[in-house]
Amino acid sequence: MANGTDLLAQFSITNSKTGEIVRMTALLVMLVTFCIFLYFALLLLSVIFATPHVREQSRYVLFAHMIINDTVSLFISVFQFVAAMYSIPIPTVICWVMIIFGKVSFLVTPGNLAVMSLERYVAICHPLRHAEFCTCQRTNAAILVLWGIGLVPVALEFIIMGYLIGKSVLSVNAICYWLAPEVNRVQTIIRLITDSVSFTSVGLVIFYTYIRVLLVARRMTSGKSTASKAGKTVLLHGFQLLLCMSSFTSTITETYLIAYFAFIRITNFLVLFFLPKIISPLVYGMREEVFSKYVKKRLCPPRGRQLFKKRKVFSMNGISRS
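Predicted model, so just to flag it, every value in this text is computed and none were measured. (Residues numbered from 1 in each chain as written. Predicted model: local features only at pLDDT ≥ 70, side-chain atom pairs only at ≥ 80, totals over all residues. Heavy atoms only, no water.)

The helix and strand tally for the protein chain stands at 13 helices and two strands. Residues counted as buried form 44% of the 322 residues belonging to the protein chain. Accessible surface computed for the protein chain: about 17700 Å², of which carbon and sulfur atoms make up 70%. (Helix = DSSP H or I, 4+ residues; strand = E, 2+ residues; numbered from the N terminus. Buried < 20%, exposed > 50% of the residue type's maximum accessible area, 1.4 Å probe, protein only. Areas by Shrake-Rupley, 256 points an atom, 1.4 Å probe, with all protein chains shown as cover.)

Take a look at the structure:
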């Protein structure tokens, strides 16, 4: 939630034709990209929930959780972004609920990556105990713990903000920004500690699991390819963590570049928040053979592949005859 005049200055800047073109272009890019992402997300989820042996594996349960979390978070964030960009007032209570969910979702994402890395570590370094440790029940419990841990600091921050602002604010409408407003230094400290501890601990977990899996891969003579693939998967989680952390740079760019670049907030949202959340689950999903085969079948059905092969053979014969 933010002051309407401030957001009008941040997004509208002027009612010039250029400003309207930029806003419409950003909106079109977001909607088209989100629809494409939603299509692939539904394809990946259909594989998980429609295939028993996939649905029962903890790594794919965590992946399904990541897709659902990112999809809902993106939907809410895009709604807030469009409402703020066009200065559409929203009830404060609804705005706070959306911001709280967005912040908790933001903290859950790196935690989910850490648990996925630990699952790969157990599968490679302790294969005999993998079935015991990585059950669906324990995976679901880990997901609930992640949401509980993420909710505590966010709830504390909003309790402090609500106490300082007062209950009267909850009865008004305001322009809803997707980042939580800061009305006191205590909020800043809580947010700084929470984000630092969260991303540092996840980074250490990913680094530790990658090194251990890599050492096992070098020692193993049989199944080396499996261990090597697990190491690449953990490394991919590190890349996903970096994508998630890219949103931290928005504060720096908005502080020092807003005077030189009028549409810095729109650019930050698209490049540092929207696109990383789109790329992260799709890169992981397309890398997994279970999902890539299914997606290829849906995008290129057998008849289409046969027709493509016939056309290719026909064109090659035509070239050879000539």
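Cross-referencing UniProt, the feature "transmembrane region" (unreviewed entry) maps to residues 26–48, 60–82, 88–108, 141–165, 189–213, 234–252 and 258–279 in the present numbering. Spanning residues 26–48, this segment combines 100% helix with 0% strand, and its end C-alpha atoms are found 32 Å apart. Helix makes up 81% of residues 88–108 and strand 14%, and the two end C-alpha atoms of the span are 29 Å apart. (UniProt positions renumbered as here; feature names shortened; annotations may be inferred.)

What follows concerns the packing of aromatic side chains. A complete count under the given rule lists 13 aromatic pairs for this structure. Between Tyr60 and Phe291, the aromatic rings sit 5.4 Å apart at their centres with planes inclined by 90 degrees, giving edge-to-face as the arrangement. Placement of Tyr60 in helix α4 (residues 58–85) and of Phe291 in helix α12 (residues 289–299) is noted, with a sequence separation of 231 residues between them. Judged by centre distance (4.9 Å) and plane angle (45 degrees), the ring pair of Phe63 and Tyr284 falls under tilted. Of this pair, Phe63 sits in helix α4 while Tyr284 sits in helix α11 (residues 264–287), and the two are 221 residues apart along the sequence. Each member of the pair, Phe63 as well as Tyr284, is classed as buried. (Phe/Tyr/Trp six-rings, centres within 6.5 Å; stacked < 30°, edge-to-face > 60°.)

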